[in-house]
Amino acid sequence: MANASHELRTPLTTIKLRVEALLGGARNDPAIAERFLSEMESELDRLSHLIDDLLTLSQVEVGLETLKLEKVDLQLLLGEAMATFWPRAEAVGVTLTMDAPPQLPPVKASLPQVRQVIDNLLDNALQYSSSGGLVTVSCRPANGSIAVSVTDTGQGIPAEDLPHVFERFYRSDRSRLRSSGSDRTGGLGLAIVRSIVTAHGGEVSIDSQEGTGTTVRFTLPVYAD
Ligand SMILES: Nc1ncnc2c1ncn2[C@@H]1O[C@H](COP(=O)(O)OP(=O)(O)O)[C@@H](O)[C@H]1O
Ligand SMILES: [Mg+2]
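What counts, and at which threshold
Here the residue numbering is sequential within each chain, running from 1 through the sequence in written order. Numbering of ligands from 1 and lettering of chains from A proceed in the order in which they are written. For this predicted model, a pLDDT threshold of at least 70 governs which residues receive local features, and a threshold of 80 or more governs which side-chain atom pairs are given and counted, while totals over whole chains, interfaces and linings are taken from all residues. To obtain the side-chain values, all non-hydrogen atoms of the structure were included, while hydrogens and water were left out. For salt bridges, the criterion is a side-chain nitrogen of Lys or Arg within 4 Å of an Asp or Glu carboxyl oxygen. Counting from the N terminus, the helices are DSSP H or I runs at least four residues long and the strands are E runs at least two residues long. For every residue, the accessible area (1.4 Å probe, protein chains only) is compared with the maximum for its type, and the residue is labelled buried under 20%, exposed over 50%, or partly exposed between those bounds. The definition of a polar contact used here is a pair of N or O atoms within 3.5 Å, where within protein one atom must be able to donate a hydrogen and the other to accept one, and adjacent residues in sequence count solely through side-chain atom pairs. Here, two residues are considered to be in contact whenever any of their heavy atoms come within 4.5 Å of each other. The span one expects for a helix is its residue count, reduced by one, times 1.5 Å. Consider each residue's heavy atoms; a residue with any of them within 4 Å of a molecule or strand counts as near. Throughout, the Shrake-Rupley method with a 1.4 Å probe supplies accessible areas, and for residues the shown protein chains are the sole cover considered.

S.K.: Is there a simple way to think about the pattern of salt bridges in this case?
M.R.: It is possible for side chains bearing opposite charge to pair when their charged atoms get close. Applying the stated criterion across every chain yields a total of 10 salt bridges. One salt bridge connects E20 with K16, and the closest N-O pair in it is separated by 3.6 Å. With E20 and K16 both in helix α1 (residues 2-23) and 4 residues apart, the pair spans about one turn of that helix. One salt bridge connects R217 with D207, and the closest N-O pair in it is separated by 3.2 Å. Here R217 is found in strand β7 (residues 213-221), whereas its partner D207 is found in strand β6 (residues 204-209), with 10 residues between them in sequence. A residue is classified by how much of its surface remains accessible, and R217, at 37% relative accessible area, is partly exposed. Each of R18, R35 and E39 takes part in a single network of salt bridges with overlapping partners.

S.K.: Got a minute to help me understand the side chain of T214 in this structure?
M.R.: Tracing the sequence through the fold places T214 in strand β7. On the accessibility criterion, T214 (10% relative accessible area) is buried. Side-chain polar atoms of T214 contact the side chain of S208, separated by 2.8 Å. With near-sequence residues (within four places) excluded, T214 lies in contact with V150, T151, D152, G156, I157, I206, D207 and S208.

S.K.: What exactly am I supposed to notice about the environment of V137 here?
M.R.: In this structure, V137 sits in strand β4 (residues 134-142). For V137, a relative accessible area of 1% puts it in the buried group. Dropping the residues within four chain positions of it, V137 is found in contact with L78, M82, T97, M98, D99, L122, V148, S149 and V150.

S.K.: Looking at this structure, how should I read helix α4 (residues 111-127)?
M.R.: In this model, α4 (17 residues) spans 24 Å end to end at C-alpha, consistent with the 24 Å of a helix rising 1.5 Å per residue. Among the 17 residues of α4, 13 are classified as buried, and the element is accordingly described as predominantly covered.

S.K.: Explain the site of ligand 1 here, please?
M.R.: Taken together, 20 residues lie near ligand 1, and N124, Y128, D152, G187 and L190 sit nearest. Within the contact set of ligand 1, an oxygen atom lies 2.8 Å away from a backbone nitrogen or oxygen of L190. The fraction of the free accessible surface of ligand 1 (530 Å²) that becomes covered by protein chains is 97%. For the shell around ligand 1, the secondary structure elements donating two or more residues are α4 and α6 (189-199). The element best represented in the shell around ligand 1 is α4, accounting for 3 residues.

Written out as structure tokens, the structure reads:
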């Protein structure tokens, strides 16, 4: 709660300062007014994403969201995710590829939750990559499960941060300073990934080398009739 309150407080403080400045006269300078309003808009987007992430996390962790397990076709789902992220990848000069065998068995999972896992991983892969990078999503059958991995050739994670990245609100210092594309930098993305995968009886792991890239792997159980 303390962490969450702090994370909510920061954008609110920025917005409050801008509003005060606008009321105090900055609104009379159209260029400054425009800049303050657009900064406020970004902070509001950040707040809104943060609240969505907090809700998702608490629903998964408290088990409120009773898992509606269904047959999920990962290949189809990954294809959709590719299409969704394609424009953003193109905009930052990153190549997105998918590597999935055609006859992949379905997994037993909650469709919206698996979608969320993939979204969070692709969001990170793109957020921490730069132009010329490559992001690959692959899946393979792995005794009774399907293993999915998202690999990027981005900035990687310092060894001392790696053990903590699945913790709620954890961000490595360097990424705190970066203000790149995404406004989802609440440090909850990987915590949500871990909660969802674990609730499905799967496993999640991360490998990373600073300056070389990162791979996140997770498993989901195969759907057995
Ligand atoms: N693909 C990646 N490449 C480099 N660093 C990553 C990657 N994924 C996660 N991280 C690191 O792990 C931290 C936690 O990730 P996440 O929970 O998604 O929070 P954030 O909202 O900061 O992206 C990030 O702040 C970043 O330092
Ligand atoms: Mg993230």
